[in-house]
Amino acid sequence: MNRILIHILFIAAVLGCGLLIGINNIPGEWYQSLAKPAFNPPNWIFAPVWSALYIVIGFVGARTYLNHRASAAMRFWVAQMVFNFAWSPLFFGFQEIALALIVIIALLISILGFMAVSRRHDYLSALLFVPYLAWVAFATLLNTSIFLMN
C-alpha cells in the first residue's frame, strides 16, 4: 500500500474513532453537577485540542506501522489507543470516575512507554508525542482532582 494512503487511513481512523467516541460521550448534567477544580478548562476547548492531537497520533501511528510494525513501539501505540478510547465512555458514559482514573494513568504510562522505546529509532515520533503527553498529564490531574472532590 502507498505510504501516503497508510498515513491518511491511520489519521482518518484515529480522528474518526475519537470524534465518534466524543459525540457519544458528551459531558451532560451529571458532569456539570460535579465539583471541579478552579483550573478546569471550559468544555469547548476539548474538541479542538483532541482533534489536533488525534491527527498527530494517527500520523505517528502510521510512521510506526510503516517502519517498526513488529516493535514494542507499535504495541505501546496500540495500547495507548485502547486506553485513550476507553476513557471517555468510562468517565462520561458509565460515570466511573475511579475506573477512568486507573485507565488514564495506564494511558499516561503507555504514552511514556511509546516515547521511551521510539526515541532510539524514531526520534520525531517520540517528539511529536510531547504535546499529547502534556495534555494527558493535565487530564490525569483533572481526573484525579474530580475524583478527590466528589
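Remember, predicted model here, so these are calculated numbers, not experimental data. (Residues numbered from 1 in each chain as written. Predicted model: local features only at pLDDT ≥ 70, side-chain atom pairs only at ≥ 80, totals over all residues. Heavy atoms only, no water.)

Student: So what exactly am I meant to see when it comes to the nonpolar core here?
Tutor: One recurring pattern in soluble globular proteins is that nonpolar side chains are buried together. Counting residues in hydrophobic clusters, the biggest one holds 42 residues, and the most contacted among them are Ile-57, Trp-77, Phe-91, Ile-111, Phe-129, Tyr-132 and Val-136. Going through the elements one at a time, helix 1 (3–24), helix 3 (46–68), helix 4 (72–93), helix 5 (97–118) and helix 7 (130–149) are the ones with two or more residues in this core. Here the element with the most residues in this core is helix 5; it accounts for 10 residues. (Core = buried A, V, L, I, M, F, W, Y, C linked by side-chain atoms within 4.5 Å. Buried < 20%, exposed > 50% of the residue type's maximum accessible area, 1.4 Å probe, protein only. Helix = DSSP H or I, 4+ residues; strand = E, 2+ residues; numbered from the N terminus.)

Student: Would you mind showing me how to read a nonpolar patch on the surface here?
Tutor: Together, Ile-4, Leu-5, Ile-8 and Leu-9 give the surface a local cluster of nonpolar side chains, amounting to about 380 Å² of exposed area. Classification of Ile-4 by relative accessible area gives exposed; the value is 60%. (Patch = residues over 30% accessible without salt bridge, like charges linked within 9 Å, V, L, I, M, F, W, Y side chains within 5 Å. Areas by Shrake-Rupley, 256 points an atom, 1.4 Å probe, with all protein chains shown as cover. Salt bridge = Lys/Arg side-chain N within 4 Å of Asp/Glu carboxyl O.)

Student: Where do I start with the packing of helix 3 against helix 4 in this structure?
Tutor: Helix packing geometry: the angle between the two helix axes and the distance between the axes. Their axes nearest at 9 Å, the elements helix 3 and helix 4 cross at an angle of 150 degrees. On the basis of the axis angle, helix 3 is roughly antiparallel to helix 4. Along this stretch, helix 3 crosses helix 4, giving a crossing that reads as left-handed. Judged by residue contacts, Trp-50, Tyr-54, Ile-57, Val-60, Gly-61, Thr-64, Tyr-65 and His-68 of helix 3 engage Ala-73, Met-74, Trp-77, Gln-80, Met-81, Asn-84 and Phe-85 from helix 4. When grouped by side-chain class, the residues that make up the contact of helix 3 with helix 4 number 10 nonpolar, five polar and no charged. (Axes fitted to C-alpha atoms, helices over the stretch in contact; angles between N-to-C directions. Parallel < 35°, antiparallel > 145°, perpendicular 65-115°, else oblique. Left-handed = near helix turned anticlockwise from the far one by under 90°. Contact = heavy atoms within 4.5 Å. Nonpolar A, V, L, I, M, F, W, Y, C, P; charged D, E, K, R; others polar.)

Student: Please explain helix 1 as it appears in this structure.
Tutor: An α-helix turns once per 3.6 residues; consequently, residues spaced three or four apart project the same way. Compared with an ideal rise of 1.5 Å per residue, which puts 22 residues at 32 Å, helix 1 spans 32 Å between its outermost C-alpha atoms and is within 8% of the ideal. Turning to helix 1, its buried residues number three or more, namely Ile-6, His-7, Phe-10, Val-14, Leu-15, Gly-18 and Ile-21. Taken around the axis of helix 1, the buried residues stretch over an arc of 145 degrees, which confines them to a single face. Facing away from the buried side of helix 1 by more than 90 degrees, the exposed set consists of Ile-4, Leu-20, Ile-23 and Asn-24. Tucked inside the fold, the buried residues of helix 1 contact helix 3 and helix 4. Where helix 1 starts, the residue carrying a side-chain oxygen 2.7 Å from the main-chain nitrogen of Ile-4 turns out to be Asn-2. (Expected span 1.5 Å × (residues − 1). Arc of directions from axis to C-beta. Polar contact = N/O pair within 3.5 Å; in protein donor to acceptor, adjacent residues only side chain to side chain.)

Just distances and angles here, no functional claims.
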